[in-house]
Amino acid sequence: MTATSVSRTTSATPSQTTAPADLARWVDEMASLTSPDSIVWCDGSDEERQGLIDLMIDAGTLVKLNPEKRPRSYLARSNPSDVARVESRTFICTDDEDDAGPTNNWADPASMRETLTGLFTGAMKGRTMYVVPFAMGPVGGALTRYGVQVTDSPYVVVSMGVMTRMGAAPLAQIAAGAAWVPAAHTVGAPLNPDDADVPWPCNETKYIVQFPATREIWSYGSAYGGNAILAKKAFALRIATALGHDEGWLAAHMLLLKVTPPADESGTPGVARHVAAAFPSACGKTNFAMMRPAVDGWKVETLGDDIAWIGPGEDGRLRAINPEAGFFGVAPGTSVDTNPVAMETLVSDTIFTNVALTDDGDVWWEGMTKEPPAHLIDWRGNDWTPESETPAAHPNARFTVAAHHCPTIAEDWDAPDGVVLDAIVFGGRRATQIPLVAQAFDWRHGVLMGASLASEQTAAAEGPVGKLRRDPLAMLPFCGIHMADHWADWLRVGAQAEAAGAVAGVHGTPHHAPAIFHVNWFRKGPDGTFLWPGFGENIRVLAWALGRLSGTADAERTPFGWLPGEGEIDYAAAGVTDAQWRRLMAIDPEALAEESEDMARYLEGFGDRVPAELAAALAQRLRSLRSAV
Ligand code: SAT
Ligand code: MN
């Protein structure tokens, strides 16, 4: 390892000398609080990463997969009690409870600090504290922000190395004066000198705590995913919504892709557009980000699969970056049929967590192949056969892989100033009522579409089947500020982009802010089957959206939004009959009016912080629906 291990009493290491005083002081404070045996400043080098991997293989945390089947790839099995983000243990600490809003767990900052100080005291005894400087976004980029996580989990360090630009380069930016977010993390499993360690140390007690005012993150007790990889949901969404609120940009739970139409008859190449899209969970977000188009000549390239930061560029037009550098995706259900691009991304250099191990040292999960292997070691480390009653992979098993391994990664995915954002897509999972696609009348109406995002509950375990589970902007557990203030930020950022575009006279698209669309891949027919095939066929919907941007596609005005005009989408080529298409696009004003009334009641729960413009957009929708009944 090239990283410098130092005891706390030694003088400054080379890395520490490049750390600014405030960072060095914070690291010192964290070390005094948590009492680690040693401190390692991570430089992000390959040697450092390999050293940590070797350490974890020795500790039993990682299993090296068969290098012929899965080169440079590893399997981690977590403690069975530490398998997912825990929303019930996630807190937003604001002085005034009102500032956290009704969608968050609020806790009083002073008493939370006391609780955390108690838990963190001596929590790293017997362990190494790693200091992990990281960048969210390309190092030096305009929208990029920085953070430093201290952690006693080498698994988290290696994961942060995949999911962010980590080490010396971000540290240099911080040393040069860039602001940074401190993120304190411990698995909460101190070791006494005679204690043997376990492969996945963690604690039954868990806290994932954000202090938006002071831009601080504290996480205790878990090493899994967003609980512990604090760059992801904790920073890039919860803290970032607070940063964006103050600085005039948006942290969005959105994938980012680039779509290029085929050349026209004269050979003129198609104009590439960048699209950000938000979907509630279990809507195939990664599949959409990595779509392999079913229509010849179209190209979809990937920039991000989970988070986009959106803000004005120098000309006032909205630009977007993917602040992350890797994918932390759900493995089960991923196959060459559902997501061939992901399968190609995962052929090497991947850390798998809680998937099953095959007898020849490869990985398997439910849905990867039609026929399961005859024998596996399941995610708990036990023998498994197709007769077993429990799944071989945990349903929230994950792959962690660097973005550059994705075969469809766009060349501008890490452009320092991001990409101009042309369109925004909001999608719900709706068996009824909501058409395949609709374009918003304007930005304000689009924000209403985003704030109204919802899924219909499909399993009794989620509550009454058919009931709407609202997930505004797909941000429910990820908004670090009052949700209604975040809606106001959306309205403000869009209005500014429109105004700036008007002043600058930006041409090329008929709008100055990105056009907004709502999609629903999940509408069902009376027999309960999906009306739309989805996956690669979704390119037909994107193609119509692009046509709207360039002014070549027709639309029909309905109370829900602009719907594709007759003949605009070749649904027959997607295997959809005329009757199915009519159901897919049907608008029932009465049912939609009822839903809008439900939305109005939902908004009441956000009190007087609901932006007047959003309420006005909803009232306008209700009026036009009622007059259409
Ligand atoms: O665990 S993560 O928060 O990174 C992913 C997710 O649960 O959405
Ligand atoms: Mn997500």
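Residues numbered from 1 in each chain as written. Chains lettered and ligands numbered in written order. Predicted model: local features only at pLDDT ≥ 70, side-chain atom pairs only at ≥ 80, totals over all residues. Heavy atoms only, no water.

Regarding the overall build of the chain
Helix and strand counts for the chain stand at 16 helices and 32 strands. In terms of overall size, the chain behaves like a compact globule, its C-alpha atoms giving a radius of gyration of 25 Å where 629 residues would be expected to give roughly 25 Å. Overall size of the chain, expressed as C-alpha extent along the three principal axes, is 75 × 55 × 55 Å. When burial is assessed residue by residue, the chain has 59% of its 629 residues classed as buried. Taking the intrachain contacts of the chain between residues at least 6 apart in sequence as the baseline, contacts between residues at least 24 apart amount to 73%. Each charge sign in the chain was given a centre, from 49 positive and 78 negative side chains, and these centres are 3 Å apart. (Helix = DSSP H or I, 4+ residues; strand = E, 2+ residues; numbered from the N terminus. Rg over C-alpha atoms; globule rule 2.2 N^0.38 Å. Buried < 20%, exposed > 50% of the residue type's maximum accessible area, 1.4 Å probe, protein only. Contact = heavy atoms within 4.5 Å. Lys, Arg positive; Asp, Glu negative; His and termini not counted. Charge placed at Lys NZ, Arg CZ, Asp CG, Glu CD.)

Structural notes on the environment of D197
Secondary-structure assignment places D197 in the loop between β9 (180–186) and β10 (207–211). Once the C-alpha coordinates of D197 and R319 are considered, the two residues, 122 residues apart in sequence, prove to be 47 Å apart. Every residue in contact with D197, bar those within four places of it in the chain, is listed here: R127 and L191. One polar contact links D197 to R127, side chain to side chain, over a distance of 2.9 Å. (Polar contact = N/O pair within 3.5 Å; in protein donor to acceptor, adjacent residues only side chain to side chain.)

Regarding the side chain of R621
Position of R621 relative to the elements: it lies in helix α16 (residues 612–628). The contact partners of R621, leaving out residues within four places of it in the chain, are H445, L448, M449, S452, P559, F560 and S596.

Some details on the packing of aromatic side chains
Inspection of every chain in the model, using the stated rule, returns 24 aromatic pairs. Plain terms: the ring middles of W487 and F606 are 4.8 Å apart, the flat faces sit at 55 degrees to each other, and that makes the pair tilted. Taken together, the positions of W487 in helix α12 (residues 483–504) and F606 in the loop between α15 (589–604) and α16 put the pair 119 residues apart, joining distant regions of the chain. Just as W487 is buried, F606 falls in that class too. Members of the aromatic cluster, connected to one another through ring pairs, are F134, F235, W249 and W309. Across from the ring centre of Y602, 5.6 Å away, lies the NZ or CZ of R470, which sits over that ring. Above the ring of F530, the side-chain terminus of K524 is found at 5.2 Å from the ring centroid. (Phe/Tyr/Trp six-rings, centres within 6.5 Å; stacked < 30°, edge-to-face > 60°. Lys NZ or Arg CZ within 6 Å of the ring centre and 35° of its normal.)

Points about the site of ligand 1
All residues in the neighbourhood of ligand 1 are listed as R85, G225, G226, K232, K233, F328 and R398. Between R85 and ligand 1, the recorded distance is 2.7 Å, taken from a side-chain N or O atom to an oxygen atom. G226 is positioned such that a nitrogen or oxygen atom in its backbone is 2.8 Å from an oxygen atom of ligand 1. Relative to its unbound accessible surface of 260 Å², ligand 1 loses 89% to contact with the protein. Within the residue set of the shell around ligand 1, elements represented by two or more residues are α7 (225–228) and α8 (231–247). Considered class by class, the residues forming the shell around ligand 1 number one nonpolar, two polar and four charged. (Near = heavy atom within 4 Å. Areas by Shrake-Rupley, 256 points an atom, 1.4 Å probe, with all protein chains shown as cover. Nonpolar A, V, L, I, M, F, W, Y, C, P; charged D, E, K, R; others polar.)

Thoughts on the pattern of salt bridges
Side chains that differ in sign of charge can pair as their charged atoms come close. One pass over the structure, following the stated rule, counts 27 salt bridges. In this structure, D306 engages K232 in a salt bridge whose closest nitrogen and oxygen atoms are separated by 2.9 Å. You can see D306 sitting in the loop between β15 (299–304) and β16 (308–312) and its partner K232 sitting in helix α8, a full 74 residues away along the chain. Take D306 and K232: they sit in the same class, and that class is buried. (Salt bridge = Lys/Arg side-chain N within 4 Å of Asp/Glu carboxyl O.)

Section: the coordination of the manganese ion (ligand 2)
Distances from the manganese ion (ligand 2) to its protein donors, K233 (NZ), H253 (NE2) and D306 (OD), fall within 2.0 to 2.2 Å. Accessibility expressed as a relative area gives 9% for H253, which makes it buried. A relative accessible area of 9% means that D306 is categorised as buried. (Donors = N, O, S within 2.8 Å, 3.2 Å for Na, K, Ca; no water.)

A word on the sheet that holds strand β17 (residues 318–321)
Taken in spatial order, the four strands line up as β12-β16-β17-β25 in an open sheet, and their pairing is antiparallel. The sheet is open, and its two borders are formed by β12 (250–252) and β25 (419–420), each paired with just one other strand. In this sheet, β25 lies alongside β17 in antiparallel orientation, the contact comprising two bridges. Its bridge partner being in β25, R319 is matched across the sheet by V420. Of the strands in this sheet, β12 and β16 are in contact with α8, which crosses β12 at around 150 degrees. (Pairing = 2+ DSSP bridges. Axes fitted to C-alpha atoms, helices over the stretch in contact; angles between N-to-C directions.)

Points about helix α3 (residues 46–59)
Along an α-helix, residues three or four positions apart point the same way, because every turn accommodates 3.6 residues. With 14 residues, α3 should reach 20 Å at 1.5 Å per residue; the first-to-last C-alpha distance of 20 Å fits that figure. Among all positions of α3, only E48, G51, L52, I53 and M56 are buried. Residues of α3 that are buried sit in contact with β2 (38–41), β3 (62–64), β4 (74–76), β6 (128–136), α5 (154–163) and β8 (165–166). (Expected span 1.5 Å × (residues − 1).)

Overview of the side chain of D489
With respect to the helices and strands, the residue D489 is situated in helix α12. According to the relative accessible area criterion, D489 is buried, its value standing at 2%. Engagement of the side chain of D489 in a polar contact is seen with the side chain of R492, the distance being 2.9 Å. Not counting residues up to four positions away in its chain, the partners in contact with D489 are T241, H245, L250 and I481.

A word on unusual backbone geometry
Positive phi is not limited to glycine here, since D349 has a value of about 55 degrees. Looking at where D349 falls in the secondary structure, it is placed in the loop between α10 (340–345) and β19 (350–353). D349 sits in the buried class, given a relative accessible area of 17%. For N354, which is not glycine, the phi torsion reads 65 degrees and is therefore positive.

Describing the nonpolar core
Grouped together as the largest cluster of nonpolar side chains are 171 residues, with contacts concentrated most on M254, W309, W365, W487, W490 and W532. The dominant element in this core, judged by the number of residues it contributes, is α8, at nine residues. With residues near it in sequence (within four places) discarded, W487 still touches V447, A451, P472, L473, L603, F606, V610, P611 and L614. Listed in part, the 32 residues of the second largest apolar core include L33, V131, V150 and W180. (Core = buried A, V, L, I, M, F, W, Y, C linked by side-chain atoms within 4.5 Å.)

Some thoughts on the domain arrangement of the chain
Examined at the domain level, the chain breaks down into domain 1 (16–61 + 84–248), domain 2 (252–324 + 410–586) and domain 3 (327–405). Across the contact, 34 residues belong to domain 1 and 31 residues belong to domain 2. Inspection of the domain 1/domain 2 interface yields three salt bridges. Where domain 1 packs against domain 2, one counts 16 residue pairs in polar contact (both at pLDDT 80 or more). Those elements that place two or more of their residues in the side of domain 1 that touches domain 2 are β6 and α8. In terms of residue count, the dominant contributor to the side of domain 1 that touches domain 2 is α8 (11 residues). (Domains from an automatic or database assignment.)

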